Amino acid sequence: MSFIHIGNVGFDANYVYLFCGLVSILILYFCVKSLIIWVVQMKFDRLLIYTISSLFIIAIVSGIDLIVGNEMDVAKIALQSISLFGFLLSIAILIKHFIIN
């Protein structure tokens, strides 16, 4: 059956998209859950803190961008700042690791 025939059976296309979205979120939930459990077990607390803080920043900036509507300029700057911070954090961790050992 193609997607066109699904509408003829009685399913609305929006419900099919909703179902596909829910299945995708469920799969992503289990993948992220196992990833977070692995990160906690390996004691990569800096990676977890960096990831969660980056997600908060992206959510806040996306909300501001939707309210203000300034053509994603704030989002570009935020993403560049997050990537630069991650790069500097990884270099600092490597330097600290080599100094200790």
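Quick summary incoming for the structure in this document. What you are looking at is a predicted structure, and each value in this text was computed from that prediction instead of being measured.

**Some words on the overall build of the protein**
Of regular secondary structure, the protein possesses four helices and zero strands. Every one of the 101 residues in the protein was classed for burial, and the buried ones make up 9%. Split by element, the accessible area of the protein, about 8600 Å² in all, is 76% carbon and sulfur.

**Concerning unusual backbone geometry**
Even without being a glycine, Lys 43 presents a positive backbone phi close to 60°. Mapped onto the secondary structure, Lys 43 falls in the loop between helix 2 (13-41) and helix 3 (45-68).

**Re helix 3**
With 24 residues, helix 3 extends 34 Å from end C-alpha to end C-alpha; this agrees with the ideal 34 Å at 1.5 Å per step. Buried residues in helix 3 make contact with helix 4 (73-100). Where helix 3 terminates, the next one or two residues include Gly 69, which has phi positive at roughly 70°.

Rules and cut-offs
Residues numbered from 1 in each chain as written. Predicted model: local features only at pLDDT ≥ 70, side-chain atom pairs only at ≥ 80, totals over all residues. Heavy atoms only, no water. Helix = DSSP H or I, 4+ residues; strand = E, 2+ residues; numbered from the N terminus. Buried < 20%, exposed > 50% of the residue type's maximum accessible area, 1.4 Å probe, protein only. Areas by Shrake-Rupley, 256 points an atom, 1.4 Å probe, with all protein chains shown as cover. Expected span 1.5 Å × (residues − 1). Contact = heavy atoms within 4.5 Å.

What is shown is where atoms sit, not what they do.
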